[in-house]
Amino acid sequence: MSSENTHAPADYATTTTAAGPFTAVVDADGVVLASGWTASAEELRVLIHPSIRPAELRARDSLGPVSRAITDYHAGDLTAIDAIPVRQVSGPFLTHAWEILRKVPAGEPVTYTDFAVISGRPAATRAAANACARNAAALFVPCHRVIRTDGSLGGFRYGLPVKRWLLDHESA
C-alpha cells in the first residue's frame, strides 16, 4: 500500500442490531478496516494497524453493501458477511489466522486448540487466541466462532452476552 494512502479518511456507519449497535469503518474502496458491537467509531479506529489507520472518520448513513450485509446477517442470512472484503495488517501468522477464521462456518464453532491446528500451528493455542483478541474486524472475521475446549465462551472484546447471542443466532 502506498504511503500517501495510509492515512486517508475512512467512512463509518452504525447499524442497530438485536445484539446492540454495530459500527463498521471502511476505506475509500469499501473494504472493512474495523467493525464491532459499539456505537464508537473512535473505539474501532484505534484497533486499526497504524500503517493503515485513518486520520479522519466520516459518519455516513450507510456503507452500501457492508451495511446491507450487517443487516442481513442479523436478520438470519448468516452468509451475508462472507463476500465482504476486509483489510487487516499484521505479521504472517495473524494475517493467515484471520483468513482461516473467515472459513469457519456459521453454526460450527471451533475450539482455540482446533483453530491453532487449522491455522497450521497446532502447538500455538495461545497464538490462536491472540489472533482472536487482535482481530479488528469482528463479525466479518468471525472470532466469536472460537470457544474453549470445555465449551465455555472464552473472551470477546464486545462482551460474552454478545458472543452468546451470536453463537445462538448461528446455531438456530
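Just above, that's the structure.
Numbering of residues begins from 1 in every chain and follows the order in which that chain's sequence is written. Where totals are concerned, whole chains, interfaces and linings use all residues; where local detail is concerned, this predicted model gives features only for residues with pLDDT of at least 70, and gives and counts side-chain atom pairs only at 80 or more. Calculated side-chain values reflect all of the structure's heavy atoms, with hydrogen atoms and water omitted.

Draft legend 1. Region of interest: the side chain of Asn-135. One can find Asn-135 in the loop between helix 5 (125-133) and strand 6 (146-147). When a residue's accessible area, from a 1.4 Å probe over protein chains only, is under 20% of the maximum for its type it is buried; when over 50% it is exposed; and in between it is partly exposed. What makes Asn-135 buried here is its relative accessible area of 2%. For this analysis, a polar contact is any N or O atom pair within 3.5 Å, provided that within protein one partner can donate a hydrogen and the other can accept it, and provided that sequence-adjacent residues contribute only side-chain to side-chain pairs. Within polar-contact distance, the side chain of Asn-135 engages the backbone oxygen of Val-141 at 2.7 Å. Note on contacts: a residue pair qualifies if any of its non-hydrogen atoms lie within 4.5 Å across the two residues. Apart from the residues lying within four places of it in its own chain, the contact partners of Asn-135 are Gln-88, Trp-98, Val-141, Cys-143 and Arg-157. By definition, any uninterrupted DSSP run of H or I lasting at least four residues is a helix, any uninterrupted run of E lasting at least two residues is a strand, and each is numbered from the N terminus.

Draft legend 2. Expanded view of the sheet that holds strand 2 (residues 20-26). For two strands to be treated as a pair, DSSP must find no fewer than two bridges joining them. Strand order in the open sheet made by the four strands is 3-2-1-4, with mixed pairing throughout. Pairing within the sheet leaves two strands with one partner each, and these edge strands are strand 3 (32-36) and strand 4 (57-59). Ignoring which end each strand starts from, the neighbouring axes of this sheet average 25° apart. As paired strands, strand 1 (residues 10-17) and strand 2 are joined by seven bridges and run antiparallel to one another. The residue of strand 2 that forms the bridge with Tyr-12 is Val-25. Axis angles are defined between N-to-C directions and span 0 to 180 degrees, where every axis is a line fitted to C-alpha atoms and, for a helix, only to the segment in contact. Lying over the sheet, helix 2 (residues 65-74) contacts strand 1, strand 2 and strand 3, oriented at roughly 20° with respect to strand 1.

Draft legend 3. Representation of helix 5. Residues of helix 5 that are buried: Ala-128, Ala-131 and Cys-132. Taken down its axis, helix 5 places every buried residue within 100° of arc, on the same side. Exposed positions of helix 5 whose direction lies more than 90 degrees from the buried face are Arg-126 and Ala-133. Elements that come into contact with the buried residues of helix 5 comprise helix 3 (92-101), helix 4 (112-118) and strand 6. The directions considered for the arc run from the helix axis to the C-beta atoms.

Draft legend 4. Seen up close, helix 6 (residues 160-171). The length a helix should cover is 1.5 Å for every residue beyond the first. An ideal rise of 1.5 Å per residue puts 16 Å on 12 residues; helix 6 measures up with 16 Å between its terminal C-alpha atoms. Along helix 6, the residues that are buried comprise Val-162, Lys-163, Leu-166, Leu-167, His-169 and Glu-170. Viewed end-on, helix 6 has its buried residues packed into an arc of 160°, placing them on one side of the element. Counted as exposed and oriented over 90 degrees from the buried face of helix 6: Pro-161 and Ser-171. If you follow the buried residues of helix 6, they end up packed against helix 2, helix 4 and strand 6.

Draft legend 5. Structural detail: the packing of aromatic side chains. We call Phe, Tyr and Trp rings a pair once their centres come within 6.5 Å, taking the six-membered ring for Trp, and we label the pair stacked below 30 degrees between planes, edge-to-face above 60, and tilted otherwise. Under the counting rule described, the total for this entry stands at five aromatic pairs. Between the aromatic rings of Trp-37 and Phe-156, the centroid separation amounts to 5.9 Å while the plane-to-plane angle is 50°, which identifies the pairing as tilted. Taken together, the positions of Trp-37 in the loop between strand 3 and helix 1 (41-45) and Phe-156 in the loop between strand 6 and helix 6 put the pair 119 residues apart, joining distant regions of the chain. Overall, Trp-37 belongs to the buried group, its relative accessible area being 8%. Ring geometry for Trp-37 against Tyr-158: centres 6.0 Å apart, planes inclined by 65°, an arrangement best described as edge-to-face. You can see Trp-37 sitting in the loop between strand 3 and helix 1 and its partner Tyr-158 sitting in the loop between strand 6 and helix 6, a full 121 residues away along the chain. Counting every residue linked through ring pairs, the aromatic cluster contains Phe-22, Trp-37, Phe-140, Phe-156 and Tyr-158.

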